[in-house]
Amino acid sequence: MPAKIIDGKKIAEQIREEIAHEVSLLKKRSGIVPGLAAILIGDNEASGIYVRNKEIACKKAGMVAEQYLLPAASTEREVLLLIEKLNHNPGIHGILVQLPLPKQIDERKILEAVLPEKDIDGFHPFNMGKLLAGCPTVLPCTPFGVIRILEAIDCKIEGKEAVVVGRSNIVGKPVSLLLMQRNATVTVCHTRTANLAEKVGRADILIAAAGRPEMVKGDWIKKGAVVIDVGINRLADGRLVGDVEFGEAQKRAGWITPVPGGVGPMTIAMLLWNTLQSAKRTLPA
């Protein structure tokens, strides 16, 4: 029996409807409208589309969305000055710096310049440290979206073998921490992992986030496993594929996310969720 396809668009839409309702209530009760500022440096087409999609989603939810498009030749100081300005703007509750950045700009310095309470992507070392310590904090959007997908399909995480393929700061590391907090036994695989197929084959829950097209072969998948494919890769023929060999994996998995239409919509939904929570934290105690 083929795997059930997880409709990330549908799950994300339900979350966005909840957010829009809460935004409306917040505005009526306090006059506060959640505001998100997105900074895009350079003319990367994919990043530009992603930022525009975020802006559209914000406006549909009743939020304020501001875009700051800077030329690729912008200096680090110019970006830092803009972030400082946004840090002090009470109408902006979340600041998003779209990655990757041009080579002349230190990514770590830029991310650390954003106030932790406005770090809507959850990338600031302060927020990452709180995540590591198991304290309440802003959660990185894609890992948070992965957990919400697992919850939406009533996947039991506690006691399960979870395998994460990829160890990036954006997805691999934080999603492994979130799974451990929910009492999964987690294995993190990477470019130096030996016997990758064997380790993937043990997974009750597989999170593929390596950024390599179809590197996880379908016949590696444990029968009945939940497969969450975070990867999105464009092939030479123009097709978009994930990190998992979807057709073959679907024959063995119990549940599987498609690419596109799986994790991607959830990332934007959780960005809106984080922005709303940031705005609510400004309410008087």
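Residues numbered from 1 in each chain as written. Predicted model: local features only at pLDDT ≥ 70, side-chain atom pairs only at ≥ 80, totals over all residues. Heavy atoms only, no water.

> Please provide a residue-by-residue account of the packing of aromatic side chains, values included.
Within this structure, the stated rule accounts for 0 aromatic pairs. Taking NZ or CZ as reference, Arg148 lies 5.3 Å from the ring centre of Trp273, over its face. (Phe/Tyr/Trp six-rings, centres within 6.5 Å; stacked < 30°, edge-to-face > 60°. Lys NZ or Arg CZ within 6 Å of the ring centre and 35° of its normal.)

> How would you summarise the sheet that holds strand E1 (residues 4-5) if you had to cite specific residues and measurements?
The strand order across the open sheet built from 6 strands is E1-E11-E8-E7-E5-E6, with neighbouring strands paired in parallel fashion. Every interior strand has two partners, whereas the edge strands, E1 and strand E6 (185-189), have only one. Sheet topology note: the E1/strand E11 (residues 255-256) ladder contains 2 bridges and is parallel. Bridge pairing in E11 places Lys4 opposite Trp255. Those strands touched by helix H6 (residues 141-152) are strand E7 (205-208) and strand E8 (226-229), and its axis lies near 150° from that of E8. (Pairing = 2+ DSSP bridges. Helix = DSSP H or I, 4+ residues; strand = E, 2+ residues; numbered from the N terminus. Contact = heavy atoms within 4.5 Å. Axes fitted to C-alpha atoms, helices over the stretch in contact; angles between N-to-C directions.)

> Describe in detail the pairing of strand E2 (residues 35-41), supporting the description with residues and values.
Where burial is concerned, most of E2 is hidden: 7 out of the 7 residues are buried. Across the two faces of E2 the burial is the same, with Gly35, Ala37, Ile39 and Ile41 and Leu36, Ala38 and Leu40 all buried. Where E2 meets strand E3 (residues 64-70), 7 bridges bridge the pair, whose relative direction is parallel. For Ala38, the partnering residue across the bridge sits in E3 and is Gln67. One ladder, built from 4 bridges, connects E2 with strand E4 (residues 94-97); its direction is parallel. Pairing of Ala37 across the sheet is with Ile95, part of E4. (Buried < 20%, exposed > 50% of the residue type's maximum accessible area, 1.4 Å probe, protein only.)

From the geometry alone we can't say anything about function, so treat these as descriptive.
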